[in-house]
Each structure stands twice: as C-alpha cells, then as structure tokens.
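Chain by chain, the residues:
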Amino acid sequence: MDNIEQKYEQMGQILRDMDKVVVAFSGGVDSALLLKAALDFLGPERVLAITADSETYPQREKEEAILLAQEIGAPHEVIHTSELDIPGYAENPTNRCYFCKNELFSHLIPIAKERGYNHVIFGAIADDLGEHRPGLQAAHDRGVRAPLLEAGITKAEIRHMSRQFGLRTWDKPSFACLSSRIPYGELITQEKLTMIDQAEAFMMQLGFRQVRVRQHEKLARIEVAPAHLAEVIAVADTITAKLQEIGYTYVSLDLKGYRSGSLNEVLTTA
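Residues numbered from 1 in each chain as written. Predicted model: local features only at pLDDT ≥ 70, side-chain atom pairs only at ≥ 80, totals over all residues. Heavy atoms only, no water.

As a further point, take the domain arrangement of the chain. With domains assigned, the chain is organised as domain 1 (1-165) and domain 2 (178-253). Here the C-alpha centroids of domain 1 and domain 2 sit 27 Å apart. For the pairing of domain 1 and domain 2, the buried interface totals around 1,200 Å² over both sides, and the portion due to carbon and sulfur atoms is 53%. On the domain 1 side of the contact with domain 2, Arg60, Asn92 and Arg96 bury the most area, a combined 41% of that side's loss. Between domain 1 and domain 2 we count 2 salt bridges in total. The salt bridge partner of Asp197 is Arg60, with a shortest N-O separation of 2.7 Å. Across the contact surface, domain 1 and domain 2 share 8 residue pairs in polar contact (both at pLDDT 80 or more). A class-by-class count of the residues in the side of domain 1 that touches domain 2 yields 5 nonpolar, 5 polar and 4 charged. (Domains from an automatic or database assignment. Buried area = accessible area lost by both parts, 1.4 Å probe. Salt bridge = Lys/Arg side-chain N within 4 Å of Asp/Glu carboxyl O. Polar contact = N/O pair within 3.5 Å; in protein donor to acceptor, adjacent residues only side chain to side chain. Nonpolar A, V, L, I, M, F, W, Y, C, P; charged D, E, K, R; others polar.)

In structure tokens, the structure reads:
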C-alpha cells in the first residue's frame, strides 16, 4: 500500500469513527473527494451533503455542485445564506473568512443535530496549514472536523485520487468565494460581487479555466496561468470592451499570473 492509499485509509478510519456526517459541499476539488470518501466509508444513509447558496457563490458553481452530488449518489440539499448580512463582513477585514465559515457552520450544526448526524465536516486540506486561513479557526471554535487535513492529504494527492475514482473535479481549477477578489478594507457590495462574477464568467467563456478578476474599485486586475498571458493579450480588445460594459473603467493584466490568495500578499506578520 503506497502513502496515498495509507492516507485515504486513515481518512476512512476517521470517518468511520464519526459514524454519521454532514458534509459542507461546495462542489470544488477538495469537498468532492471528501464527499466521495464519506459515501465510500459510511454509505449514503449516513451522509448528507449541504451546499450553501449565497451572494459570494456563483450560480455556475451551485449548478455544478448539484450535478456532481447526483453523479456520485449523495443525498444533497441546498440552503441559502447571506454573508453580507453578517455584522462586520462587508467591511472586509483580514479575518473575513472567519465570519464566512462561522456563518456556514452556524447553519450546518443545527441541521446535523436535528437530524441525528454526529459531526459536520469540511474540505480543509494539509496545504492550508501555514497559510492565512481564518476559516480554520472558525472550524476549530465550532468543533467542525476536516478529515482530509487530519489525514495529511495534500491538493496534489486529492487530484490524483480524484482522477483514480473518476471524479470529474480532478482537474477542476481552484475556486474561492467571490469576496476574495476584493482587497481587504474595501467594502464588499452586491454590485461588486456581480461584476466580478460576470467578468470571470466571460473569461471562462473565452477558454481561460484558471482565472481571477481582482477588483480594485473600478480597476479589474486579471490573473491567468502564466502560460496563458499571451493569449489574454491577443484578445485584449475583446476583454476590455466586455469588462468596461460590465462596469470597470480600467482593465489590467497581472504579469505574475494567477496565484492563490494574491490579495494576502499585502499582509505582514507582526
């Protein structure tokens, strides 16, 4: 048994010890494998996947989550939440993700208790350790578990296992909530979230799979994989026209390319 198989079996034992779980299911790479594992080790009668639909969650992601849950045979429900209604969230502090995850868990925990599920679990992974992840603190504070993280499973291993299991998320681009496109301290509004969603959807229609449109007031800063920078420049006029139609005054291309959490680069350690 190789190391990846050992980690998967370790996660399986963690899940078996939990017995019945509610899975916070976004439909992304990590939560998809977590849900698949929960079904494998516990069976669908002891698993409930729940997706939170909110202003920061694109419609296309919700539709993919619903379809994926159906494909792998998971009991699945969609609930509605609103991060913008959380006091302090819209002001976009550096611990914004704490508010978001705490709000999510405040919905999932009562559902789990009411229906006889022992634990709420979510898709944090080993790569998250050492990064700026306030959501991990929220999970710790609420007693929410992360089996992938507890088993030491990395993103690369998740993609490898997902491919072996036939999950179509194995090569899905990484995704984070739309609020992560707005610099800390700048107010989060429904208008900004809608602009970002429309801009990223357009970029994806052009064929750019891993893309971020970071919003600096009326300036859009586009991040794509470094290998695709020239492709963006080749259709710059088309992109500029569309994003200005959406509401941006200026459209720029980040020459460093896509990197997860680029807005965290302004943070300094005390």
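On to the side chain of Lys172, then. Structurally, Lys172 is set in the loop between α7 (155-165) and α8 (190-205). When neighbours within four sequence positions are excluded, Lys172 is seen to be in contact with Gly27, Gly28, Val29, Glu61, Glu64, Arg159 and Arg209. (Helix = DSSP H or I, 4+ residues; strand = E, 2+ residues; numbered from the N terminus. Contact = heavy atoms within 4.5 Å.)

For the rest of this paragraph, the subject is unusual backbone geometry. Even without being glycine, Asp19 reaches a positive phi, approximately 75 degrees. Relative to the assigned elements, Asp19 resides in the loop between α1 (3-18) and β1 (21-24). One non-glycine residue, Glu217, lies in positive phi territory at about 55 degrees. Residue placement: Glu217 occurs in the loop between β5 (211-216) and β6 (219-224). Overall, Glu217 belongs to the partly exposed group, its relative accessible area being 43%. (Buried < 20%, exposed > 50% of the residue type's maximum accessible area, 1.4 Å probe, protein only.)

On to the UniProt feature "domain: NAD/GMP synthase" (unreviewed entry) in the chain, then. Sequence positions flagged by UniProt for "domain: NAD/GMP synthase" (unreviewed entry) are, in local numbering, residues 17-80. Helix makes up 47% of residues 17-80 and strand 25%, and the two end C-alpha atoms of the span are 30 Å apart. (UniProt positions renumbered as here; feature names shortened; annotations may be inferred.)

Per the UniProt record, "active site" (unreviewed entry) is annotated on Cys177. Turning to its location among the elements, Cys177 is positioned in the loop between α7 and α8. If sequence neighbours within four positions are ignored, Cys177 has contacts with Thr56 and Tyr89.

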